[in-house]
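Letter by letter, the chains look like this.
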Amino acid sequence: MSSFENTVYSRNKIHPQKFALLVSCASVVMLFAALTSAYVVRQAAGNWLEFPMPVLFLYSTLTLVVSSFTLYFSYKGFLAGNVKTYKYLLLLTFVLGILFIYLQYKGWMALVAMGVELGTNPSGSFLYVLSGLHAAHILGGLAAVFVAILHAFILPYEVSAKRKLRFEMTQIYWHFVDVLWIYLIVFLWLQQQS
Amino acid sequence: MANVLTAAPHSEEDVLIEQMGYDDHFHEHHDGDKFQSNFITTYIFSQDHKMIAKQFLITGMFWGVIGGLMSLVFRLQLGFPEESMAWLKPVLGKWIEINAETGMGALSPDFYYALVTMHGTILVFFVLTAGLSGTFSNLLIPLQLGARDMASPLLNMMSYWFFFLAGLIMFISLFLNTGPFSGGWTAYPPLSALPQASSGSGAGMTLWLISLVFFVVSVLLGGINYITTVLNLRTKGMNMWRMPLTIWAFFVTAILGLLSFPVLASAFFLVMCDRGLGTSFFLNEIFIGGQALDHVGGSPVLYQHLFWFLGHPEVYIIILPAMGIVSEVLAVHSRKPVFGYKAMVFSILAIGFLSFIVWAHHMFMSGVNPFISNFFVVFTLIIAVPSAVKVFNWIATLFGGNIRFTAASLFGIGFVSMFISGGLTGIFLGNSAIDIQMHDTYFVVAHFHIVMGVAAFFGMFAGVYHWFPKMYGRFMNETLGKLHFWGTMVGAYLIFWPMHYIGMAGVPRRYYRFDTFQSFSQFDDMNKFITIAAIITFGFQLILVINFFYSIWYGKKVTEKNPWGATTLEWTTEVDPGHGNWAGKLPVVHRWAYDYAKDGQEFISQITPLKEGETETH
Ligand code: HEM
Ligand SMILES: [Cu+2]
């Protein structure tokens, strides 16, 4: 496959693999767009249980936002030759990602404690489904960050085109799932106000 | 494989590529060839787009035969309810119920519905989506754009294998004790969302869901690749306005798939939650056997919205590739430039866009607000405009052409006929007032079989006959091809034309028997006629299967690179292109794809530079 990478593709402004990643992000957007519009349609039909959002979801959101920054500065460190920043911020990103999942889990537990279980009412079911599917996408991102960590700690440090591409793709995906969650939480919050 | 180049005598095209081609030093990197180093990597886990195309095609043919046979079985029951089907007992086993007194065998009603459901699912998804767009997008996107392969050969291979897995799981579901899913290809809840709703709703539906989720993954992997390849890997000079219409069609198809299949996935996900996790997205106050279930608050119409948001684009995912293929085949075989190239492209784009905002025309009778229906009526009828533009352009392309009536071009012309007939009935259905009478009758069955089923098959057949020489280096038998065409053309109209009348009289679709309705007994003979026509037409498809496999090994060999005298790039490769498609440099493109009958020349290849003072036509 590498022969393709070195040859025809070099004429492109954006690397085809990066482009393909953006295209796949578009399909993930459609997945969540469908679910959130189903949410709106269903909510309008009535029989909709109202409940306050556990504050844990606020903490998890902050965690995820911070992790995007740590990943970004890790990338900066990678480019600038700051090997320590590069490695440890990458590790920190991973830890924050895990923390996010943990906080989401605690958030679900808080919902259950409130009496909002998966099958109680569609309003709760939607929340579980949206955050659950999103968490699955975070797990994919964590796998990518994990591979990046392996590269950082095992491979000798170098800024080659290939490694830059890999890192950038990890970054694109991670920021994408981050923004996706911000969209979801803002959406849920706005819907609860209405 | 580069040695092929030196062996063959140099044609004009070789010289052009050698002198003006784009040197990407591809063949200096021999790691590219590791794909084809042994049997497994060449024929099974191949990453070469040409082989993957063949895999999609042959798998699609397999499913086409299975799905077609299924329809014959349920048509036999429908057309001849008074004849015994006991002779099918050795194949269908317990699904043939023998009446103890009379000894009459009849298809069990549960299995009748299972067959109808499987027929629809298989034909729509496995044959006309994977088998059509999977085959030709894979074959033609790299070849017609002058690329070595897809952007990601690995994802491309995975796309096929996810499709294969989806098929395998669906196949297994056919042998379940409770039978495969039987609630219709649209899988509406509650039949799909309650495992206890019918015998196919349990394990059958579980496997159906898993199979289709894998299928969605396959479509997405393929689509990501097609879009990326079209936008990034066109050879030098191949700007978007020089792309053949096939590529435009595949490109827009891939975008439609990428945007609509995730929505289907979301609907499936919610169905799974309703089935397994006790949620009530789509279920509301249901009684089964006098018992109330605890599901409350769900909305089955919500599922219909999600499903048809995919479902309508899906029908265009099926027909657009066929349209692209037909445009190309008609231009080549009438030796004329395609009429209104830009109008064709804009029509494809318009159809693609509009297909996202008409989905509720499938739900006029589902209790959606009649006021909202008006909105969908208007957009539905607007789709007729770009569709009519395309039909006009195909006819204008044929008009006054030097038409070669090959099997490929005959199927192209047949496609236009089918698309007109089926499109016109769409305009009836698109009016919500008329749809009150027509909805869920055989009129709808006639509409979509002609416009989608038969027309898309015709596009596929045109493509198979036209590009077979590129795929296998041999020709298919033309006489058998023409026989296949006439049998199918006449047969398809004989099957589906009468259904319009039955439907207008109000005969509902998806009924196992009509003997309780006195007024429908007048259609008994017509139903018999349709069944017989279907059996004969199916027989004509076997001619294609035989011709196809015979020709792979014994067909007439292709001796020149460009047997049809076409302008596009796939005909500048070796007769049997190796990995990387072009033995030496990549061709560079100088003109659009339809320079036929220009300046006294029969055709001018896309790689021929413009002559002095010559302007590029569009
Ligand atoms: C002029 C363009 C078209 C219009 C206005 C149109 C309109 C409609 C309408 C209103 C229905 C719903 C009928 C009902 O259930 O009562 C329908 C059904 C259908 N149409 Fe079309 N159609 C058009 C073209 C097409 C094309 C090009 C395809 C496919 C290639 C297609 C495939 C289908 C299918 C598969 C169904 C039935 C699905 C089902 O209920 O199982 N239609 N069409
Ligand atoms: Cu439609």
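Residues numbered from 1 in each chain as written. Chains lettered and ligands numbered in written order. Predicted model: local features only at pLDDT ≥ 70, side-chain atom pairs only at ≥ 80, totals over all residues. Heavy atoms only, no water.

### Some points on the coordination of the copper ion (ligand 2)
Residue and element names in this part refer to chain B. For the copper ion (ligand 2), every protein donor is listed as H312 (ND1), H361 (NE2) and H362 (NE2), and the spread of their distances is 1.8 to 2.1 Å. Here the donor residues for the copper ion (ligand 2) map to a single chain with the spacing H-x48-H-H. H312 sits in the buried class, given a relative accessible area of 6%. Given a relative accessible area of 22%, H362 falls into the partly exposed group. (Donors = N, O, S within 2.8 Å, 3.2 Å for Na, K, Ca; no water. Buried < 20%, exposed > 50% of the residue type's maximum accessible area, 1.4 Å probe, protein only.)

### Some remarks on empty space enclosed by the protein
All names here are of chain B. Enumeration over the complete set of coordinates arrives at six cavities of 30 Å³ or more. Taken as a whole, the largest cavity spans an internal volume of roughly 1100 Å³. What lines the largest cavity is a set of 46 residues, among which S71, H119, L123, H449 and F496 lie closest to the centre. A per-element tally of the lining of the largest cavity places helix α15 (residues 442-472) first, with twelve residues. In terms of residue class, the lining of the largest cavity is made up of 32 nonpolar, eleven polar and three charged. Surrounding the second largest cavity, 19 residues form its lining, T129, S133, V219, G223 and Y226 being those nearest its centre. Sorting the residues of the lining of the second largest cavity by element identifies α6 (109-145), α8 (203-232) and α9 (245-276) as the ones contributing at least two each. Along the lines of polarity and charge, the residues of the lining of the second largest cavity split into ten nonpolar, nine polar and no charged. (1 Å grid on protein atoms, 1.4 Å probe; cavity = no way out; pocket = protein on both sides within 12 Å on 5 of 7 lines; lining within 4 Å. Points joined across faces, edges and corners; volume = space filled by probe spheres on them. Helix = DSSP H or I, 4+ residues; strand = E, 2+ residues; numbered from the N terminus. Nonpolar A, V, L, I, M, F, W, Y, C, P; charged D, E, K, R; others polar.)

### Re the site of ligand 1
Residues and elements named next belong to chain B. In the vicinity of ligand 1 lie 22 residues, with W185, D435, H439, H447 and R509 positioned nearest. Between ligand 1 and D435 there is a distance of 2.5 Å, counted from an oxygen atom to a side-chain nitrogen or oxygen. Among the detected pockets, ligand 1 sits in the second largest pocket. Secondary structure elements with two or more residues in the shell around ligand 1: α10 (300-334), α13 (407-430) and α15. A total of six residues in the shell around ligand 1 trace back to one element, the largest contributor, which is α13. (Near = heavy atom within 4 Å. Polar contact = N/O pair within 3.5 Å; in protein donor to acceptor, adjacent residues only side chain to side chain. Sits in = over half its atoms within 2 Å of the grid points.)

### Side note on the interface of chain A and chain B
Tallying the contact residues gives 33 residues for chain A and 49 residues for chain B. When the two sides are added together, the surface that chain A and chain B hide from each other amounts to roughly 3300 Å², 73% of it contributed by carbon and sulfur. Remark: the boundary between chain A and chain B carries zero salt bridges. Our count for the contact surface shared by chain A and chain B stands at one residue pair in polar contact (both at pLDDT 80 or more). Where the side of chain A that touches chain B is concerned, the elements lending two or more residues are α1 (2-6), α2 (16-44) and α5 (122-154) of chain A. Partitioned by chemical class, the residues of the side of chain A that touches chain B number 21 nonpolar, ten polar and two charged. (Contact = heavy atoms within 4.5 Å. Buried area = accessible area lost by both parts, 1.4 Å probe. Salt bridge = Lys/Arg side-chain N within 4 Å of Asp/Glu carboxyl O.)

### Description of the side chain of S409 of chain B
All names here are of chain B. By the element assignment, S409 lies in helix α13. S409 sits in the buried class, given a relative accessible area of 1%. A distance of 2.7 Å separates a polar side-chain atom of S409 from the backbone oxygen of R404. With residues near it in sequence (within four places) discarded, S409 still touches V329, L330, H333 and R404.

### So, α15 of chain B
Residue and element names in this part refer to chain B. Roughly 45 degrees is the biggest bend found in α15, and it falls at H466, with proline P469 one to four residues downstream. For α15, the buried fraction is high: 29 of the 31 residues fall into the buried class. Positive backbone phi, at 70 degrees, marks G473, one or two positions downstream of α15. (Bend = angle between axes of the 7 residues up to and from the residue.)

### Remarks on α13 of chain B
Over its 24 residues, α13 of chain B runs 34 Å from end to end, which matches the ideal 34 Å to within 8%, given 1.5 Å per residue. Counting buried positions along α13 of chain B gives 17 out of 24 residues, so the element sits mostly inside the fold. (Expected span 1.5 Å × (residues − 1).)

### Section: unusual backbone geometry
The omega torsion of the bond from P189 of chain B to P190 of chain B falls at 10 degrees, within 30 degrees of zero and hence cis. Examined against the element boundaries, P190 of chain B turns out to sit in the loop between α7 (153-173) and α8. In the Ramachandran plot, N47 of chain A falls in the positive-phi region, its phi being about 50 degrees despite a non-glycine side chain. What makes N47 of chain A partly exposed here is its relative accessible area of 48%. The backbone of D440 of chain B sits at a positive phi, close to 55 degrees, despite the residue not being glycine. Note that D440 of chain B resides in the loop between α14 (432-438) and α15. Among the residues examined, D440 of chain B registers a relative accessible area of 32% and is labelled partly exposed.

### What to know about the environment of I224 of chain B
In this structure, I224 of chain B sits in helix α8. Classification of I224 of chain B as buried rests on a relative accessible area of 7%. On a C-alpha basis, the gap between I224 of chain B and M489 of chain B in space is 35 Å, while along the polypeptide they are 265 residues apart. Dropping the residues within four chain positions of it, I224 of chain B is found in contact with A20, V23 and S24 of chain A together with L258 of chain B.

### Points about the coordination of the iron atom of ligand 1
Residue and element names in this part refer to chain B. Protein coordination of the iron atom of ligand 1 rests on one atom only, H447 (NE2), at 2.1 Å. Between the two metal centres, the iron atom of ligand 1 and the copper ion (ligand 2), the spacing is 4.6 Å. Here H447 is to be found in helix α15.

### A closer look at the layout of surface pockets
In this model, the largest pocket occupies a volume close to 1500 Å³. For the largest pocket, the lining is made up of 49 residues, of which L21 and S24 of chain A together with L155, L221 and I224 of chain B are closest to its centre. No other element matches the nine residues that α2 of chain A contributes to the lining of the largest pocket. Within this model, the second largest pocket holds a volume of roughly 1200 Å³. What lines the second largest pocket is a set of 47 residues, and nearest its centre among them are H361, H362, L429, H447 and F448 of chain B.

### Describing the confidence of the model for chain B
With 96% of its residues at a pLDDT of 70 or more, chain B shows a mean pLDDT of 91. In this model, residues 1-8 of chain B is a region of pLDDT below 50 whose contacts with residues beyond four sequence positions or in other chains number eleven contacts. (pLDDT = per-residue confidence, 0-100.)

### Side note on the packing of α5 of chain A against helix α6 (residues 161-193) of chain A
Residue and element names in this part refer to chain A. In contact at an axis separation of 10 Å, α5 and α6 are set at 160 degrees when each is read in the N-to-C sense. Considered as vectors, α5 and α6 are oriented roughly antiparallel to each other. Here α5 and α6 pass one another in a crossing that is left-handed. A class-by-class count of the residues in the contact of α5 with α6 yields 14 nonpolar, seven polar and two charged. (Axes fitted to C-alpha atoms, helices over the stretch in contact; angles between N-to-C directions. Parallel < 35°, antiparallel > 145°, perpendicular 65-115°, else oblique. Left-handed = near helix turned anticlockwise from the far one by under 90°.)

### Some thoughts on the side chain of N562 of chain B
Residues and elements named next belong to chain B. Tracing the chain through its elements places N562 in the loop between α17 (524-554) and β5 (596-598). Engagement of the side chain of N562 in a polar contact is seen with the backbone oxygen of A566, the distance being 2.8 Å. Contact partners of N562, with chain neighbours within four places excluded, come to E13, W571 and F603.

### As for the packing of aromatic side chains
Aromatic rings in a pair are described by how distant their centres are and how their planes are angled relative to each other. Taken as a whole and judged by the stated rule, the model has 87 aromatic pairs over all chains. Arranged with centres 5.0 Å apart and planes meeting at 80 degrees, the rings of Y39 of chain A and W48 of chain A form a pair that is edge-to-face. As far as burial versus exposure is concerned, Y39 of chain A and W48 of chain A are alike and both buried. Centroid distance W95 of chain B to F111 of chain B: 4.7 Å. Interplanar angle 10 degrees. Geometry classified as stacked. Linking W95 of chain B in the loop between α5 (89-92) and β1 (96-98) with F111 of chain B in helix α6, this pair joins segments that are 16 residues apart in sequence. According to the relative accessible area criterion, F111 of chain B is buried, its value standing at 7%. Across the ring face of F153 of chain A, the terminal group of K87 of chain A is positioned such that the distance to the ring centre comes to 5.2 Å. The side chain of K94 of chain B reaches across the aromatic face of W95 of chain B, ending 4.7 Å from its centre. (Phe/Tyr/Trp six-rings, centres within 6.5 Å; stacked < 30°, edge-to-face > 60°. Lys NZ or Arg CZ within 6 Å of the ring centre and 35° of its normal.)

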